[in-house]
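For reference, the chains in residue letters:
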Amino acid sequence: MGVGASAGGLEAFTEFLRNIPADTAMAFVLVQHLAPTHDSLLTELLSKTTSLPVSEVMDCTVVSPGHVYVIPPNTGMTILDGTLHLSDRKNVEGRNMSIDVFFRSLAEDRRERAIGVILSGSESDGVLGLEKIKAEGGVTFAQDEGSAKFKDMPRRAAASGIVDFVLPPKEIAEQLSRLPDRLPLPDRRAQDRKIVSPKDEKTLFRVLDLLKLKTGMDFTFYKPSTILRRITRRMVLQRSEDLESYLEWLRGNAAEAQALRKDLLINVTSFFRDPASFEYLKKKVFPAVLKRLPKDAPIRIWVPGCSTGNEAYSIAIALDEFLRGRSVPIQIFATDVSDGAVENARRGAYPDSIRLDVSAKRLERYFHKTDGGYVIKESIRDLCIFATHNLLADPPFSDIDLISCRNVLIYMEPPLQKKAVSFFHYSLKPSGFLMLGGSESVGEFSDYFLPADANQKIYVKKNSPKNKNRLHFTVFGRGQKTSFARDARRLAGTAAGFDARKEARKILSGRASRDGVLVNGEMEIMEFFGHTQPYIRPAPGQASLSLMQMVHENLLPDLCIAIHRAKKDRRPVKKPALPVGKSACVDLEVVPVRSPAREDLYFLILFKDGGKRRSGGKRADAGRLAREVAKLKRELVLAKGSLVAMMREQGGMAEEFRCQNEEIQSSNEEFQSTNEELETAKEELQSANEELTTVNNEMEVRNSELVHTNDDLNNLILSVHTAIILVDGDMRVRRFTAKAGKSMGIVASDIGRRVTDISLGLLIRDLEGFIRSVLESLEQKEKEIEDIQGYWYLMRARPFRRQDGKIDGAVLMFLDIMDIKQSMMQLQDAKTYSESIVETLWEPLVALDSSLRIRSANKSFYSFLKDARQDTSNQLIYDLGSGQWDIPRLRTLLEELLAKNNAFYNFEMEHDFPGI
């Protein structure tokens, strides 16, 4: 199993391993964000918390059960066939993604037996790796926020919805200890043979029926090996002993039914999966689609099984890169049967880990950086329409240029695969393209598709299939078949591209007046209908199709009011009898034209001749009435002129504002680019800070150990009643015992001074030379020395060895030998005294050792023998003279005396001693 952590990981690792039983059958690979330039103490520190063997990984390390493996600093790590491989660490945009890299390889290598755990950390590393493990049927864990020192990594993992258990490290260890005791997961090699007993097969179908009843999703014709692996996984997590007990649990637990459905639908998805496929799209597929595309028609793409939208957004980005700013309508329909996946796709928010799959250039151009992740930009988001859609039960889309359905068919049995491929053939335009996954093909539908690139699994629809009866347009299920042709035609009509001109003509066909114009939301004229010359005419100056510049000045105020009201109320607005010229009038009507699939709004503006204006009134005072009328006319003309001027000025100002807005947007993009650069720098600093936090945590633990060790050493030194001085390689004092301070006058301020510069009160020549000889020979040496007060010590010196084996000074020990020295002096005095007494005796006396050799004799003895002292010392008693003392009786007595510890007295012997 893989365990990932970052800042605060040491405490979490320690708590986790402390609760792992010693007899576990699992192997644990710990991946932490470590500082690249510092040696890690993690292995040493963790080895003190668990009885399991803990070792730092070396390249090509074979993983063994019951062992803990720790990633080395500044390395990336993967696993293949149970062997750990190391490589140089590759940061992505300055961030360490080593957990994602290892978890992905773990999922591919261990499949459903992979287990992933995310512990404390301040990054988002590990989320994509957990998704891969979950997709392969493995088990996922995350530390709960309450017990995590740094919460970002476990919080984001839990928020992704892919974590099976969110627990403290201690409870994660306890939960893990239960997993191996459960049912073994089935072998993937069992796919081609019967993998369950007849009894379990019936129970399995009952589980699927119950799942369909509770969730509405029918998995009957999905591959049984896949279904059984996912169900067995749920059984392991729920600790169910067999299928029957799991079925009973499923009956009474609605949440478990949804969890099982989610497990069965989970997909492996990523951005730009199989990059060569996207390069082929840009070089071959998109040019072919664009070449045969009718004018103003949109490029239509369908991505069934889109999951969280990675594939759909990848295609949108690749298409945008291909078009290079060309204005071509694009419609990408991305569908999935999972409501949650579609909702996530609509949000377009992804973790930092996508940097493993998306280049820095694409991230900068197509994504917004947020706290802990990325969000797709609106320009790409608006190209995609996400919807919940069941590929096998709902009507397919129509008039599609490209279908991308990768790694969906591999989970289906042949009947469902045939049906899906039939749908694709129906949906595609003539010569449309179908892109499948690396392990998928069109199978027996080779008559309907030609391979455009067999390596990339991209096919082209044939225009004239030989046998249309082979197309499968039925929903397969046990005892259930449903036709969908009518629904398909209905969906094709609603999903087709919207044509505002065509819709405007439909509106005109039902009205008496057919004179008018069609304008878009920016009031640009798109098309003229009928006779509009009296009301619409070109304005002097630069050519323009702006409605506000071309409409008759008398109609402009009422037209603006009508358009505003039609836009607000989304219904037609009429303005009758508006004056045009001196005597004519017109009936004006504004009809909104709205696309059913998008928010685009168009307006159809109709004109109807209102005839001549009526004149009348009583005759009155001609002079007064004429003046009043003339005055009112002048005021009205001035007011209308001012109003028209103001409106046209407003139109000019709007154009200026538009230009200014574009400039502001350009500046905003520059600021945004600068901000993204700052964000990148911030992320790099955060990553470095996180690694330093890890080092600091290790140093804190090591410092705590050093404090305890120092306390132990200080107490040990205080308890030692021997004078000891520690010196470094430069003969400087490092430590000394209290006895040394008292006997030799060393004080605390002498630490750091050369020992030869301190008056120790010792009568010794060349102390430095003596210490140097010890450091050069690396052997312990001793020497008796005397201090100025006549006190004697045995000075013993040995090399001071560090933990790495290097010599870093010497240890001087001064053993008190004064008592021994005094005892030896007393013994010498006693010997001298006794020898003096023996020498004064008149009787001859000789002392023998155990081998009867002469040790000493007094003066009377040598006088008696008439022999020199040097001739008898250390001789056998029997060899004195010419063997005169070799008397059998004497020999017997002496030997018995030694053997039996006897004594004898008054032994008389007679012998001729020549010379006496």
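For the structure itself, consult the block above.
Keep in mind it's a predicted model, so treat the numbers as computed, not measured. Every chain's residues receive numbers from 1 upward, in the order its sequence appears when written. Given that this is a predicted model, residues contribute local features only at a pLDDT of at least 70 and side-chain atom pairs are listed and counted only at 80 or more, while totals for whole chains, interfaces and linings are drawn from all residues. With hydrogens and water excluded, all non-hydrogen atoms of the structure serve as input to the side-chain values.

Attention now moves to the packing of aromatic side chains. Centre distance within 6.5 Å is the pairing criterion for rings of Phe, Tyr and Trp, where only the six-membered ring of Trp is used; planes under 30 degrees apart are then read as stacked, over 60 as edge-to-face, and the remainder as tilted. By the definition in use, this model includes 17 aromatic pairs. Summarising the aromatic geometry, the rings of Phe 141 and Phe 165 are spaced 5.1 Å apart at their centres and angled 20 degrees between planes, so their arrangement reads as stacked. You can see Phe 141 sitting in strand E9 (residues 139-143) and its partner Phe 165 sitting in strand E10 (residues 165-167), a full 24 residues away along the chain. Take Phe 141 and Phe 165: they sit in the same class, and that class is buried. Relative to Phe 386, the ring of Tyr 313 has its centre 5.3 Å away and its plane inclined at 65 degrees; by these criteria the two rings are edge-to-face. Per the convention used, a helix needs a DSSP run of H or I reaching at least four residues, while a strand needs a run of E reaching at least two, with both numbered from the N terminus. For every residue, the accessible area (1.4 Å probe, protein chains only) is compared with the maximum for its type, and the residue is labelled buried under 20%, exposed over 50%, or partly exposed between those bounds.

You can see Pro 430 is positioned in strand E18 (residues 428-436). Judged by relative accessible area, which is 52%, Pro 430 ranks as exposed. When the C-alpha positions of Pro 430 and Lys 461 are compared, they lie 6.3 Å apart, and in sequence the two are 31 residues distant.

Counting buried residues along E9, 5 of its 5 residues qualify, which places the element largely inside the surrounding structure. Judged by which residues are buried, E9 turns out to be covered on both faces: Val 139, Phe 141 and Gln 143 on one side and Thr 140 and Ala 142 on the other are all buried. By definition, two strands form a pair when at least two bridges between them are found by DSSP. Relative to E9, strand E8 (residues 115-118) runs parallel, the two being bridged by 4 bridges. Each residue of the ladder has a partner; that of Ile 115, found in E9, is Val 139. Whether a crossover is right-handed comes down to one check: with the strands pointing away from the viewer, does the path from the first strand over the helix to the second run clockwise; if it does, it is right-handed. Traced from E8 through helix H4 (residues 127-135) to E9, the parallel crossover comes out right-handed.

Moving on, we come to helix H6 (residues 169-178). Within the sequence span of H6, burial applies to Pro 169, Ile 172, Ala 173, Gln 175 and Leu 176. Seen along its axis, H6 keeps its buried residues to an arc of 165 degrees; they face one direction. Buried residues along H6 sit in contact with helix H1 (9-18), strand E2 (28-32), E8, E9 and E10. Directions pointing from the helix axis toward each C-beta atom define the arc. The contact definition used throughout considers only heavy atoms, calling two residues in contact when any of these lie within 4.5 Å.

Take the sheet that holds strand E11 (residues 299-304) next. Neighbouring strands of a sheet are bound in pairs by backbone hydrogen bonds; such pairs are parallel or else antiparallel. Taken in spatial order, the 7 strands make up an open sheet running E16-E12-E11-E17-E18-E20-E19, and their pairing is mixed. The sheet terminates laterally at strand E16 (384-388) and strand E19 (449-453), the two strands that pair on one side only. Going from strand to strand, the sheet's axes swing by 20 degrees on average, the running direction of each strand aside. As paired strands, E18 and strand E20 (residues 458-461) are joined by 3 bridges and run antiparallel to one another. Across the sheet, the residue bridging to Phe 433 is Val 460, located in E20. Angles shown run from 0 to 180 degrees and are taken between the N-to-C directions of axes, each axis being a line fitted to C-alpha atoms and, for helices, limited to the stretch in contact. Contacts between helix H11 (residues 275-291) and the sheet are confined to E11, strand E17 (400-405), E18, E19 and E20, with E18 contributing the most and set at about 175 degrees to the helix.

With that settled, consider the sheet that holds E2. Strand order in this open sheet of 7 strands is E3-E5-E2-E1-E8-E9-E10, and the pairing throughout is parallel. The open sheet has two edge strands, strand E3 (54-56) and E10, and neither has a second partner. Each adjacent strand pair in this sheet contributes to an overall mean axis angle of 20 degrees, direction not counted. Examined bridge by bridge, E3 and strand E5 (residues 68-70) share 3 bridges and lie parallel to one another. Bridge pairing in E5 links Ser 55 to Tyr 69. Where H1 meets the sheet, it contacts strand E1 (2-5), E2, E5 and E9, and its direction lies at approximately 170 degrees from that of E2.

Let us now look at the packing of H11 against helix H12 (residues 310-323). It is the contact of H11 with H12, at a shortest axis distance of 10 Å, that shows an interaxial angle of 65 degrees. Taken as axis vectors, H11 and H12 run roughly perpendicular relative to one another. Note that H11 runs across H12; the crossing there is right-handed. Side by side, H11 and H12 meet where Phe 278, Lys 282, Phe 286, Pro 287 and Leu 290 of the first sit next to Glu 311, Ser 314, Ile 315, Ala 318, Leu 319, Glu 321, Phe 322 and Leu 323 of the second. When an angle is under 35 degrees it counts as roughly parallel; over 145 it counts as roughly antiparallel; between 65 and 115 it counts as roughly perpendicular; any other value is oblique. Take the far helix as your reference; a near helix turned counterclockwise from it by less than a right angle gives a left-handed crossing, and one turned clockwise gives a right-handed crossing.

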